[in-house]
Amino acid sequence: MKLLYFAWLRTRIGRSEEDLDPPAEVRDVAGLVEWLKGRGPGYADALANVSVVKVAVNQEYVPFSHPVRPGDEVALFPPVTGG
Amino acid sequence: MKLLYFAWLRTRIGRSEEDLDPPAEVRDVAGLVEWLKGRGPGYADALANVSVVKVAVNQEYVPFSHPVRPGDEVALFPPVTGG
Amino acid sequence: MAVRVQAEDFDIGAELDALTRGNPSIGGLCSFVGLVRDMAGGETVGAMTLEHYPGMTERQLEAIEAEARARWPLDATLVIHRYGRLEPGDRIVLVACASAHRAAAFEACWFLMDWLKTRAPFWKLEETGTGARWVEAKDSDDDAAARWGTTP
Amino acid sequence: MAVRVQAEDFDIGAELDALTRGNPSIGGLCSFVGLVRDMAGGETVGAMTLEHYPGMTERQLEAIEAEARARWPLDATLVIHRYGRLEPGDRIVLVACASAHRAAAFEACWFLMDWLKTRAPFWKLEETGTGARWVEAKDSDDDAAARWGTTP
């Protein structure tokens, strides 16, 4: 699974992307985020307040209940501020 | 008094401007228009339907009740269609 | 803050650049360009001639622009309207409003166009396959202008 | 009908000319340009860096553009959004919509800007006198987008 991080999620986690293999019990975005929080203090800090974390799976916005599967591209980022 | 005519009022009346001295009893736009109608068939035709005649006195829109005075610039024209 | 009434075409890019240059408090610039269409009322339009009332046109456009600046916080405004003979595809009018925020820029620009349509003394004579005809004012334009409240 | 995401600046005049050229059924062209402001939240902004999500950005902009074309009768649309480091006065975004009628052009252009603000994956990092900070999303932008109805 390819993980991408943007803006302050990227700086807090300390990397912009990584390839990970979450355990089989990680079945949706919510489970993925909980699992990521256990990977270190940077992850825990970046994902402490999930109300300001947006998620895209395969480049489409999805809710936290959306399933994740091996091979997915999953991006985590704050609310967008372009324009 | 300087009279100006635009668009189809100009073509029906047959001129774009003229200097006129209406009689003293012409005190407002309504009176002026009535007096103009008597000046010939072109005027009568152009001014037959006053609901589609707009009036400006000294380059400001005015209602038919607006006074007219010697020295005024009075313009008669159809509803505008610019932009 | 400028109003121009002219026969010549205008350069949109140069006009819009000049409007915002040197003022970094501007966050948004909304503009509208009106163009001559080749069809009107189901008929082909070969060309049109825009007649106007010199003097009053400028006064009315300046009054409309002043009203926009009274209603919205604008950093810059521009109205250019052409007169004379124009062909399909030719530019007729440019209205532009710059503001710190986009809603003010959009609203003011739309307001300027709607008011200009019903208040600036221009008249269009269209050349169609069946002869020349004066364009009739549209009720929809009156309705669009009325959305913005009482005219002064 | 085009979406471009690029580091380079764009030429507003050339882009708008290209959008309407050769299509005389277009009667109105509404455009919006977003610019970098030198102030934000009471602080001076020396520059900003726009980060984005390559691939998803284009997909989202194309989806927003398609939604605008489904809602309004548009002859041409254009969205250009820059990324990278920009300074006050620099252009960030250009949105333009051309239609036979001005209301469709205004509405679609405003809709595109409002949706783009809340859906296109861009993030601004501002350089201020007190350091660099990520710009926070505004509730007012969510409200502006919500005016246009349910997002798909």
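Let me sum up the structure you'll find in this document. This one's a predicted model, so the numbers in the text were calculated from it and none came from an experiment.

Secondary-structure assignment places Gln59(B) in the loop between strand 3 (54-57) and strand 4 (60-61). Among the residues examined, Gln59(B) registers a relative accessible area of 15% and is labelled buried. Within polar-contact distance, the side chain of Gln59(B) engages the side chain of Glu73(B) at 3.2 Å. Excluding anything up to four places from it in sequence, Gln59(B) contacts Glu73(B), Tyr53(C), Pro54(C), Gly55(C), Met56(C), Arg59(C) and Gln60(C).

Following the criterion strictly, the structure yields 26 aromatic pairs over all chains and no others. Aromatic side chains Tyr5(A) and Tyr43(A) sit 6.3 Å apart centroid to centroid with 85 degrees between the ring planes, which places their arrangement in the edge-to-face category. Within this pair, whereas Tyr5(A) is found in strand 1 (residues 2-5), its partner Tyr43(A) is found in helix 3 (residues 41-46), the two being separated by 38 residues in sequence. For the pair Tyr5(A) and Tyr43(A), one class covers both residues: buried. Between Phe111(C) and Trp115(C), the ring centres sit 4.7 Å apart and the planes meet at 40 degrees, which makes this aromatic pair tilted. Residue Phe111(C) and its partner Trp115(C) are both found in helix 3 (residues 102-119); the two are separated by four residues, about one turn of the helix. One exposure class covers both Phe111(C) and Trp115(C), and it is buried. Among the aromatic side chains, those forming a connected cluster through ring pairs are Phe6(A), Tyr61(A), Phe77(A), Tyr53(D) and Trp123(D). Sitting above the plane of the Trp110(D) ring, Arg147(D) keeps its charged end 4.6 Å from the centroid.

What follows deals with the sheet that holds strand 7 (residues 91-99) of chain C. If you walk across this open sheet you meet the eight strands as 1(C)-5(C)-7(C)-2(C)-2(D)-7(D)-5(D)-1(D), and the pairing is mixed. Bordering the open sheet on either side are strand 1 (2-6) of chain C together with strand 1 (2-6) of chain D, each of which pairs with just one other strand. Averaged over all pairs of adjacent strands, the angle between their axes in this sheet comes to 10 degrees, without regard to strand direction. The pairing of strand 2 (residues 28-35) of chain C with strand 7 of chain C spans eight bridges and is classified as antiparallel. When the sheet's bridge partners are listed, Gly34(C) is paired in strand 7 of chain C with Val93(C). This element, helix 3 (residues 102-119) of chain D, spans strand 2 of chain C together with strand 2 (28-35), strand 5 (76-82) and strand 7 (91-99) of chain D of the sheet and lies at about 150 degrees to strand 7 of chain D.

On to the sheet that holds strand 2 (residues 17-19) of chain A. Ordered in space as 2-1-5-3-4 (chain A), the five strands form an open sheet in which the pairing is mixed. Looking at which strands have only one partner, the edges of the open sheet turn out to be strand 2 and strand 4 (60-61) of chain A.

Criteria and thresholds
- For every chain, the first residue of the written sequence is number 1, and numbering continues from 1 along that sequence.
- Starting at A for chains and at 1 for ligands, labels are handed out in the order in which the entities are written.
- This being a predicted model, a pLDDT of at least 70 is required before a residue's local features are given, and a value of 80 or more before pairs of side-chain atoms are given or counted; all residues contribute to the totals for chains, interfaces and linings.
- Only hydrogens and water are removed before side-chain values are computed, so all heavy atoms of the structure are retained for them.
- In this description a helix means any DSSP run of H or I spanning at least four residues, a strand means any run of E spanning at least two, and both kinds are numbered starting from the N terminus.
- Buried, partly exposed and exposed residues are distinguished by accessible area as a fraction of the type maximum, computed with a 1.4 Å probe on protein chains only: under 20%, between the cut-offs, and over 50%, respectively.
- Contacts described as polar in this section are N or O atom pairs within 3.5 Å, which, within protein, must combine one atom able to donate a hydrogen with one able to accept it, while residues neighboring in sequence count only if both atoms come from side chains.
- The contact definition used throughout considers only heavy atoms, calling two residues in contact when any of these lie within 4.5 Å.
- Stacked, edge-to-face and tilted are the three classes for Phe, Tyr and Trp ring pairs, Trp counted by its six-membered ring, which pair at centre distances within 6.5 Å; planes under 30 degrees apart are stacked, over 60 edge-to-face, the rest tilted.
- Charge-over-ring contacts are defined here by two conditions on Lys NZ or Arg CZ: a distance within 6 Å of the ring centre and an angle within 35 degrees of the ring normal.
- Paired strands are those between which DSSP finds at least two bridges.
- Axis geometry follows a simple rule: fit a line to the C-alpha atoms, using only the stretch in contact for helices, then measure angles between N-to-C directions, giving values from 0 to 180 degrees.

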